[in-house]
Amino acid sequence: MSQQPYYLRAGATATRLNKIIGWLARHGVSLLGSAEMSVRGRTSGRMQRIPVNPHAYEGAQYLVSARGHSQWVRNMRVAGGGELRVGRRTRAFTAVEIADDAQKARVLRAYLERWGWEVNQYFQGVTAKSTDAELLAACPDHPVFRITVGG
């Protein structure tokens, strides 16, 4: 019996809010560091847009999927990168998924310290104050990509 990867689909309210945050980012307004990410669709080939919270940790930038194995995650695994946009400033990036759970757990803890107020509800009880074991157990449900922004 195979278990489906964790994915919490956005409801109507979250979808509307994402559209507003994406629109704001396209028009130059970043809410606490948010940006609009574009990634090429793995089947359509069209650029798909979603607001994200790029996260800086120990000198590197990361994208964390709070909702789990979402469409953007599946697209990123195929595309290997995309674009981040705030206003007219668009930055291309490459992305590598973090496979090491110990490294991923450290990034998740820092991410939850910064963004927990917004995303804790997607982490099934895991917070920045959770034990190392609890964070490690959450790792398979929350893909993390290290991104490198091009010039």
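Report on the accompanying structure. The numbering scheme is per chain: residues are counted from 1 as the chain's sequence reads. Thresholds applied to this predicted model are a pLDDT of at least 70 for local features of residues and 80 or more for the giving and counting of side-chain atom pairs; totals over whole chains, interfaces and linings are not thresholded and use all residues. Side-chain figures throughout are based on the complete set of non-hydrogen atoms in the structure, without hydrogens or water.

A few points about the pairing of strand β5 (residues 81-86)
Part 1 of the reasoning: When DSSP finds at least two bridges between two strands, those strands are taken to pair. What counts as a helix is a DSSP run of H or I of at least four residues, what counts as a strand is a run of E of at least two, and both are numbered from the N terminus. Taken together, the three bridges between strand β1 (residues 35-40) and β5 define a ladder with antiparallel strand orientation. Within the sheet, the bridge partner assigned to Glu36 lies in β5 and is Arg85.
Part 2 of the reasoning: Pairing geometry for β5 and strand β6 (residues 89-97), over six bridges, is antiparallel. Bridge pairing in β6 places Arg85 opposite Thr90.
Part 3 of the reasoning: In textbook terms, the turn of a hairpin is the stretch between consecutive antiparallel strands, and for β5 and β6 this stretch comprises two residues, one of which, Gly87, has a positive phi near 65°.

Examining the sheet that holds β6
Part 1 of the reasoning: Spatially, β2-β1-β5-β6-β7-β4-β3 is the arrangement adopted by the seven strands of the open sheet, whose pairing is antiparallel. Each of the sheet's edge strands pairs with one partner strand only, and the pair in question is β2 (47-52) and β3 (55-57). On average, each strand axis in the sheet is tilted by 40° relative to the strand beside it, whichever way the strands run.
Part 2 of the reasoning: Most of the contacts of helix α3 (residues 101-119) go to β3, to which it runs at about 125°, and overall it touches β3, β4 (60-64) and β7 (144-149). Throughout, an axis means a line fitted to C-alpha atoms (over the contacting stretch in the case of helices), and angles, computed between N-to-C directions, take values from 0 to 180 degrees. Every residue pair with non-hydrogen atoms within 4.5 Å of one another is taken to be in contact.

Considering the side chain of Ser130
Part 1 of the reasoning: Its place among the elements puts Ser130 in the loop between α3 and α4 (132-138).
Part 2 of the reasoning: Throughout, exposure labels follow a simple rule: accessible area from a 1.4 Å probe, protein chains only, divided by the maximum for the residue type, with under 20% read as buried, over 50% as exposed, and the rest as partly exposed. Residue Ser130 is classed as buried on the basis of its relative accessible area, which comes to 8%.
Part 3 of the reasoning: Ser130 has contacts with Arg109, Gly125 and Leu135, leaving out every residue within four places of it along the chain.

Observations regarding the nonpolar core
Part 1 of the reasoning: Formed by 23 residues in total, the largest nonpolar core has its most connected members in Val119 and Phe123.
Part 2 of the reasoning: Counting only elements with at least two residues in this core, the list comes to β4, α3 and α4.
Part 3 of the reasoning: Among the elements that take part in this core, α3 stands out by supplying eight residues, more than any other.
Part 4 of the reasoning: Not counting the four nearest positions on each side in its chain, Val119 is found in contact with Ala66, Tyr111 and Leu112. To qualify as a nonpolar core, a set must consist of buried Ala, Val, Leu, Ile, Met, Phe, Trp, Tyr and Cys residues joined through side-chain atoms within 4.5 Å.

The values are spatial; any link to function lies outside them.
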